[in-house]
Amino acid sequence: MKTLTITRPDDCHLHVRNGAILKTVLPHTARQFARAIIMPNLKPPVTTVAQALAYRNEILQAIPEGVNFTPLMTLYLTAATTLEEIKRAAECEHVYAFKLYPAGATTNSDAGVADVTKIYPLLAALEKYDLPLLIHGEVTDEDCDIFDRERVFIERYLIDIVKNFPALRIVLEHATTKEAVEFVTSASNKIAATITPQHLLFNRNAILAGGIKPHYYCLPILKRETHRQALINAAISGNPKFFLGTDSAPHLTHLKENACGCAGCYSAFAALELYAQAFEQANSLDKLEGFASFYGADFYGLPRNVEKVTLEKTDWTVPASYDKITPLKSTEILYWKMV
Ligand code: NCD
Ligand code: ZN
């Protein structure tokens, strides 16, 4: 049987929620990944080091016995974030970054930043302490077409942020467009991007052709095929600016299969298998290890993992649900399986 063994990967963009959902989803991630950058968009958002440490403890409780997994915490940046809190975060060994959500851009982003230019003093502090800024890069204007929101964010805000804070490490999270790939590729080595499995595997037809498919709806929304091709080329390029971040974002099935369905795809149950499928389709399985296991760790200044994981080329059917959460590709066949 064909197998693929790589260094145990890290997930550089993950939503695990809290409470009951956390207990369902965290074991899926902990089985595959050694570490994950944990998104802070809880209700209420994780805005202080004290909240991040409490959330970290809740996550640690959900790790199955005998499994080695480290959550890497982030704080939610708001217009009310103080310079003292940034200093505390910089001094805390468990906090790895701040996350910037434009207000209203996505799930639980109401507390986000309405005017990015108003928080420049906070970005200066992040730059000073060398704390990475993770960006949900979409504008929120009602009159901006949803398929253009990432490109316009780059043009209107990101170019200026990069110019004003040349030493600030930035991750453009879940890059979804050719323009994002081009921007990150041509920027300095302080600028990187994560790429999700769904944006490598699907274009917008997956949501909209042949009936509306809410389980393929996430933000930023899937784009047209030319953009998917650009993302594939970035992921298999061996360029260390592009690395794995699943953006696995569980929502209960009834809240996605809804007249106003939530944004987010649940992929943690088979994240590595989904990426393997995308890399194999592009004849580039040999590039998966750098993307999944090396470049993210290098960007965050973490030691690379030493353990290995093995995938087997074997068909299996994705369950219809995991505790009321419908997984990506539910009831469909995947071609790789982690051993
Ligand atoms: C994420 C969520 O549900 O928290 N949803 C999504 O569609 N990706 C938030 C986010 O990362 O935008
Ligand atoms: Zn996300």
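Computed from a predicted structure; not experimentally measured.

Rules used in this analysis
Residues numbered from 1 in each chain as written. Chains lettered and ligands numbered in written order. Predicted model: local features only at pLDDT ≥ 70, side-chain atom pairs only at ≥ 80, totals over all residues. Heavy atoms only, no water. Near = heavy atom within 4 Å. Polar contact = N/O pair within 3.5 Å; in protein donor to acceptor, adjacent residues only side chain to side chain. Areas by Shrake-Rupley, 256 points an atom, 1.4 Å probe, with all protein chains shown as cover. 1 Å grid on protein atoms, 1.4 Å probe; cavity = no way out; pocket = protein on both sides within 12 Å on 5 of 7 lines; lining within 4 Å. Sits in = over half its atoms within 2 Å of the grid points. Nonpolar A, V, L, I, M, F, W, Y, C, P; charged D, E, K, R; others polar. Buried < 20%, exposed > 50% of the residue type's maximum accessible area, 1.4 Å probe, protein only. Helix = DSSP H or I, 4+ residues; strand = E, 2+ residues; numbered from the N terminus. Lys, Arg positive; Asp, Glu negative; His and termini not counted. Salt bridge = Lys/Arg side-chain N within 4 Å of Asp/Glu carboxyl O. Contact = heavy atoms within 4.5 Å. Donors = N, O, S within 2.8 Å, 3.2 Å for Na, K, Ca; no water. Tetrahedral: all angles 85-135°; square planar, octahedral: opposite > 155°, others 65-115°. Points joined across faces, edges and corners; volume = space filled by probe spheres on them. Axes fitted to C-alpha atoms, helices over the stretch in contact; angles between N-to-C directions. Parallel < 35°, antiparallel > 145°, perpendicular 65-115°, else oblique.

### Quick word on the site of ligand 1
The immediate surroundings of ligand 1 are formed by 15 residues, with Arg17, Asn41, Thr106, Leu219 and Asp247 found nearest. In the model, an oxygen atom of ligand 1 is placed 2.8 Å from a nitrogen or oxygen of the Arg17 side chain. Protein chains shield 100% of the accessible area of ligand 1, which is 320 Å² for the free molecule. A majority-of-atoms criterion places ligand 1 in the largest cavity. A per-class count over the shell around ligand 1 returns four nonpolar, nine polar and two charged.

### Details of helix α11 (residues 271-281)
α11 sits mainly inside the fold: 10 of its 11 residues count as buried. The set of residues buried in α11 consists of Ala271, Leu272, Glu273, Leu274, Tyr275, Ala276, Gln277, Ala278, Phe279 and Glu280. A positive phi of about 50° marks Asn283, the residue just after α11.

### Digging into the side chain of Asp247
Considering the arrangement of structural elements, one finds Asp247 in the loop between β9 (242-244) and α10 (253-256). Although Asp247 is buried, it makes no salt bridge; Lys99 carries the closest opposite charge, 6.3 Å away. Setting aside anything within four residues of it in sequence, one finds Asp247 in contact with His13, His15, His174, Thr196, Leu219 and Cys265.

### Details of the coordination of the zinc ion (ligand 2)
Protein coordination at the zinc ion (ligand 2) comes from His13 (NE2), His15 (NE2) and Asp247 (OD), with a distance range of 2.0 to 2.1 Å. One way to put it: the four donor atoms around the zinc ion (ligand 2) meet at angles of 93 to 140°, and that makes the site irregular. Expressed as a motif, the donor residue spacing for the zinc ion (ligand 2) is H-x1-H-x231-D. Each of the two residues, His13 as well as His15, counts as buried.

### So, the pattern of salt bridges
The full count for this structure, using the stated rule, is 14 salt bridges. One salt bridge in this structure joins Lys87 and Glu91, with 3.2 Å as the shortest N-O distance. Here Glu91 and Lys87 lie together in helix α3 (residues 83-91), a separation of four residues that amounts to about one turn. Among the residues examined, Glu91 registers a relative accessible area of 58% and is labelled exposed. We note a salt bridge from Asp148 to Arg151, for which the minimum N-O separation is 3.8 Å. For Asp148, a relative accessible area of 27% puts it in the partly exposed group. The class for Arg151 is partly exposed, based on a relative accessible area of 27%. Look at the salt bridges and you will find they share partners, linking Lys2, Glu280 and Lys313 into a network.

### Points about the environment of Ala270
By secondary structure assignment, the location of Ala270 is in the loop between α10 and α11. We classify Ala270 as buried; its relative accessible area is 0%. Note: C-alpha distance between Ala270 and Lys190 (80 residues apart in sequence) is 30 Å.

### So, the side chain of Arg169
Looking at where Arg169 falls in the secondary structure, it is placed in the loop between α5 (149-164) and β7 (170-172). In terms of polar contacts, Arg169 uses its side chain to reach the backbone carbonyl oxygen of Asp130, at 2.9 Å. The contact partners of Arg169, leaving out residues within four places of it in the chain, are Asp130, Leu131, Pro132, Leu133, Lys190, Phe299, Tyr300 and Gly301.

### Considering empty space enclosed by the protein
Counting across every chain of the model gives three cavities of 30 Å³ or more. The space that makes up the largest cavity amounts to roughly 110 Å³. Lining the largest cavity are 16 residues, with His15, Thr106, Thr107, Leu219 and Asp247 positioned closest to its centre. Split into classes, the residues belonging to the lining of the largest cavity amount to four nonpolar, nine polar and three charged.

### Description of the packing of helix α6 (residues 178-186) against helix α9 (residues 225-235)
In contact at an axis separation of 8 Å, α6 and α9 are set at 30° when each is read in the N-to-C sense. As summarised for this structure, α6 and α9 are arranged roughly parallel, according to the angle between their axes. Contact residues: Lys178, Glu179 and Val181 in α6; His227, Ala230, Leu231 and Ala234 in α9. Along the lines of polarity and charge, the residues of the contact of α6 with α9 split into four nonpolar, one polar and two charged.

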